[in-house]
Protein chains: 2
Amino acid sequence: MAITVVGSVALDTVETPFGSVKDALGGATSYFALAASRYDQVNLVAVVGDDFPEEYRRTLSARRISLDGLKVEPGQTFRWGGRYHLDMNSRDTLFTELGVFADFKPSIPASYAGADIVFLANIQPELQLDVLRQTGEGAKLRALDTMNLWIEIARDALTEVMRQVDVVIIAEEEARQYAGAPGLRESVRRILALGPKWLVIKQGSYGALLFDSGGGFFAMPAYPLDEVRDPTGAGDSFAGGFLGYLASRLADGAPLTAGDYRRALAHGNIMGSYACEDFSVRRLLTLEPAEVAYRYREFVNFTHFEGSWRDGEAAG
Amino acid sequence: MAITVVGSVALDTVETPFGSVKDALGGATSYFALAASRYDQVNLVAVVGDDFPEEYRRTLSARRISLDGLKVEPGQTFRWGGRYHLDMNSRDTLFTELGVFADFKPSIPASYAGADIVFLANIQPELQLDVLRQTGEGAKLRALDTMNLWIEIARDALTEVMRQVDVVIIAEEEARQYAGAPGLRESVRRILALGPKWLVIKQGSYGALLFDSGGGFFAMPAYPLDEVRDPTGAGDSFAGGFLGYLASRLADGAPLTAGDYRRALAHGNIMGSYACEDFSVRRLLTLEPAEVAYRYREFVNFTHFEGSWRDGEAAG
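Residues numbered from 1 in each chain as written. Chains lettered and ligands numbered in written order. Predicted model: local features only at pLDDT ≥ 70, side-chain atom pairs only at ≥ 80, totals over all residues.

## Quick word on the overall build of chain A
Which entries qualify depends on this criterion: Counting from the N terminus, the helices are DSSP H or I runs at least four residues long and the strands are E runs at least two residues long. Burial in this document is a count-based property: other C-beta atoms within 10 Å of a residue's C-beta are tallied, and the residue is buried at 20 or more, exposed at 12 or fewer, or partly exposed in between, with C-beta positions derived from the backbone. Distance between backbone-placed C-beta atoms decides contact: two residues are in contact if it is within 7 Å.
Helices and strands together make up the secondary structure of chain A, namely 11 helices and 13 strands. Taken over 316 residues, chain A has a buried fraction of 53%. Sequence separation of at least 24 residues holds for 69% of the intrachain contacts in chain A that already meet a minimum separation of 6.

## Focus: the relation of the copies chain B and chain A
Spelled out, the test is: Copy-to-copy superposition: least squares on the C-alpha atoms, limited to residues that have pLDDT of at least 70 in both copies.
Taken as rigid bodies, chain B and chain A are interconverted by a rotation of 180° and an axial shift of 0.0 Å, the fit giving an RMSD of 0.0 Å. Each copy turns onto its partner about a two-fold axis. A share of 100% of interface residues in chain B that are also interface residues in chain A marks the association as one of identical surfaces.

## Some remarks on the environment of Leu34 of chain A
Residues and elements named next belong to chain A. With respect to the secondary-structure elements, Leu34 resides in helix 1 (residues 28–36). Judged by local crowding, Leu34 falls into the buried class, with 27 C-beta atoms found within 10 Å. Separated by 237 residues in sequence, Leu34 and Met271 have C-alpha atoms that sit 9.6 Å apart. Non-local contacts of Leu34, meaning those with residues more than four positions away in its chain, are made with Arg63, Val281, Leu284 and Leu285.

## Some points on the nonpolar core
In globular proteins that are soluble, nonpolar side chains generally tend to be buried together. How we decide: Core membership is restricted to buried Ala, Val, Leu, Ile, Met, Phe, Trp, Tyr and Cys residues, and these are joined into a nonpolar core through C-beta atoms within 7 Å.
Among the nonpolar cores identified, the biggest contains 209 residues, and Phe119 of chain A together with Phe119 of chain B are the most heavily contacted of them. Not counting residues up to four positions away in its chain, the partners in contact with Phe119 of chain B are Ile3, Val5, Phe32, Ala143, Ala239 and Leu243 of chain B.

## Some details on the packing of helix 6 (residues 172–179) of chain A against helix 7 (residues 184–192) of chain A
Residues and elements named next belong to chain A. Short version of the rule: Only the stretch in contact is used when a helix axis is fitted, and all axes are lines through C-alpha atoms; the angle between N-to-C directions ranges over 0 to 180 degrees. Each angle is binned into one of four classes, with values under 35 degrees roughly parallel, values over 145 roughly antiparallel, values of 65 to 115 roughly perpendicular, and all other values oblique. The crossing is said to be left-handed when, going from far helix to near helix, the turn is anticlockwise and less than a right angle, and right-handed when the turn is clockwise. Under the convention adopted here, Pro, Cys and the residues Ala, Val, Leu, Ile, Met, Phe, Trp and Tyr are nonpolar, Asp, Glu, Lys and Arg are charged, and Gly plus all remaining residues are polar.
Between helix 6 and helix 7, the shortest axis-to-axis distance is 9 Å and the interhelical angle comes to 70°. It follows from the interaxial angle that helix 6 and helix 7 lie roughly perpendicular. Note that helix 6 runs across helix 7; the crossing there is left-handed. Of helix 7, the residues touching helix 6 (which contributes Glu172, Ala175, Arg176, Tyr178 and Ala179) are Leu184, Glu186, Ser187, Val188, Arg190 and Ile191. Classifying every residue of the contact of helix 6 with helix 7 by side-chain character gives six nonpolar, one polar and four charged.

## Considering the sheet that holds strand 2 (residues 10–16) of chain B
All names here are of chain B. Applicable threshold: We treat two strands as partners when DSSP finds at least two bridges between them.
If you walk across this open sheet you meet the four strands as 3-2-6-7, and the pairing is mixed. Here the strands that pair on one side only, and so sit at the sheet edges, are strand 3 (19–26) and strand 7 (91–97). Direction aside, neighbouring strands of the sheet carry axes that sit 15° apart on average. The pairing of strand 6 (residues 79–84) with strand 7 spans six bridges and is antiparallel. Note on strand 7: the bridge partner recorded for Trp80 is Thr96.

## Thoughts on helix 9 (residues 258–275) of chain A
Rules: One less than the number of residues in a helix, times 1.5 Å, gives the span that helix is expected to have.
Along its 18 residues, helix 9 of chain A runs 26 Å from first to last C-alpha, staying within 8% of the 26 Å computed at 1.5 Å per residue. Among the 18 residues that make up helix 9 of chain A, 15 are buried, leaving the element largely enclosed by the rest of the structure.

## Description of the pairing of strand 4 (residues 42–49) of chain A
All names here are of chain A. Just so we agree on the cut-off: Looking down the strands as they point away from you, a crossover is right-handed if its path from the first strand over the helix to the second goes clockwise.
By the criterion of burial, strand 4 is predominantly enclosed, with seven of the eight residues buried. Pairing of strand 4 with strand 5 (residues 65–73) involves seven bridges; the strand directions are parallel. Looking at the pairing, Val45 lines up with Gly69 of strand 5. With helix 2 (residues 54–61) bridging strand 4 and the parallel strand 5, this β-α-β connection has right-handed handedness.

## Topic: helix 1 of chain A
For helix 1 of chain A, a buried count of nine out of nine residues is recorded, marking the element as mostly surrounded by other parts of the structure. Every buried residue of helix 1 of chain A is accounted for by Ala28, Thr29, Ser30, Tyr31, Phe32, Ala33, Leu34, Ala35 and Ala36 of chain A.

## Remarks on the pairing of strand 6 of chain B
Pairing geometry for strand 2 of chain B and strand 6 of chain B, over five bridges, is parallel. Among the inter-strand pairings, Glu15 of chain B is bridged to a residue of strand 6 of chain B, identified as Arg83 of chain B.

## Details of the sheet that holds strand 12 (residues 208–212) of chain B
Residue and element names in this part refer to chain B. Read across the sheet, nine strands follow the order 5-4-1-8-9-10-11-12-13 without closing on themselves; strand pairing throughout is mixed. Of all the strands in the sheet, just strand 5 (65–73) and strand 13 (217–220) have a single pairing partner and so form its edges. On average, each strand axis in the sheet is tilted by 15° relative to the strand beside it, whichever way the strands run. Here two bridges tie strand 9 (residues 141–144) to strand 10 (residues 167–171), and the two strands are oriented parallel to one another. Among the inter-strand pairings, Leu144 is bridged to a residue of strand 10, identified as Val168. Running at roughly 155° to strand 12, helix 9 (residues 258–275) makes contact with strand 11 (198–202), strand 12 and strand 13 of the sheet.

## Things to note about the interface of chain B and chain A
Each side of the interface is counted separately: chain B has 43 residues, and chain A has 43 residues. For the side of chain B that touches chain A, the secondary-structure elements that each account for two or more residues are helix 7 (184–192), strand 13, helix 8 (234–251), helix 9 and helix 11 (289–303) of chain B. Looking at which element gives the most residues to the side of chain B that touches chain A, the answer is helix 11 of chain B, with eight residues. The residue inventory of the side of chain B that touches chain A, partitioned by class, reads 25 nonpolar, 10 polar and eight charged.

Next up, the structure:
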């Protein structure tokens, strides 16, 4: 039972062609927790300043999200500001004010012991290693996310985290950057050679790929959204749906199968797609279970085709 | 029976990080015909100069490709030179020497009458319209490809071609450029509103999407190639696999189903992926039927997941 997630809680100021928000609830763990808590209990580990709105705390704690590990320090909450361009695929960071997040030292509360899954959201690899030490060997599944900055300035520590986790969840360009190989498949081989059993490649608006250390491969296109209002947090919501679904399967007691991982990728894509439909975490809050189920059926429908082609006959 | 294709035959000079070729067989109709002729008879309509190597003519005519419509004019064959960057997703055009292609006036030979499918490869929309006039209402399926240049300088004529065809096959950025809508789905609606029943969006190394005028949607990821040696012609090979498969289904006599179009998308992706494995059209020449069948089964396997998730239970 339960997923422990360690990373940032932030106040986001975002402009897109469809509108803007100021100091809205953001940060990797907020998106992750709101997505994953639909599937299982989430234990959140992060730090905020004493300016963090009580309203946002209630937003989180009203779900299956424990805030025992949310430390409040004197000072400012991490603030991020960004502006998206018309095609929504590129954005400019307008400001990054780390505030109390600059001195974040994750501390796992005793009440979080026994979590099945530990998710190391995008923070310094040294801190990710410290979380792995604190959580010990107890978790059934340990997963990480990262970013280009750590690949540049903390490569060795990141490599060590990769050696210790079961699942690496990473954007395609970061996988290529980390592995330094010309082809994606060679990059995948180099990362899986470090030890993880699973590698999830996030491709943004193109979907996600799933590789396993036994050579298995699965691909899922993204949901074709009618309107992307704010893509912030889509990757973290994806991780929340992906690991949340796996947590719900672990709670059933059976070992995870390759089929579970494939279905988990669908849930990741579902949460990522809904997150884009409104600013900040809004859509994750209004989302109804029936909407998740409906989009799941849509995913099944728009990716399946009949495999009964007369092999080799038509193509001479 | 048969597919008529109208477009370019060229001599390509290509450099990639994996090697180079000079004056190799290229052009949209060469790739298209070599892919599609695996499924059905192909009628080629193009023009070359009197410098066109006899060897290349034999390469084409050794397959189910009629060259009755390949005109030879005094002068140079269309030559194109390009250089790919390390990531293979961007390229620089080094030269474009149109030669006799500058005055190309497609003329459909009488021997091509009765073709089930007409494919208007990427040429001036005015010439595409002329081909539609020459081929009349006889064909069961008429499809077009185009490029950014025609969207810029011949938009009205292109719109008229779109009104007259059944299938538009177009790169994602060109669909967005043509429709001028912020979202892809709105771009799709605007194009389908012109009249085509089907719209295929090519996403390069990310796969392809299929939309129909009834609101249906299907997505297929690309094949995860180990090594891309030369992506030139991948889109035309895709069109060849896609329409070639549909031609083989039409030859069976039954009306085309949505399932046929989905399977056709797989065949498009298969031909596009193989085309990238070697320079020029080489891989399309060495490709064995068993390799097509094997990759088809791989596509089935790496895109399918079980749809039996307990809807709405796990996500509260």
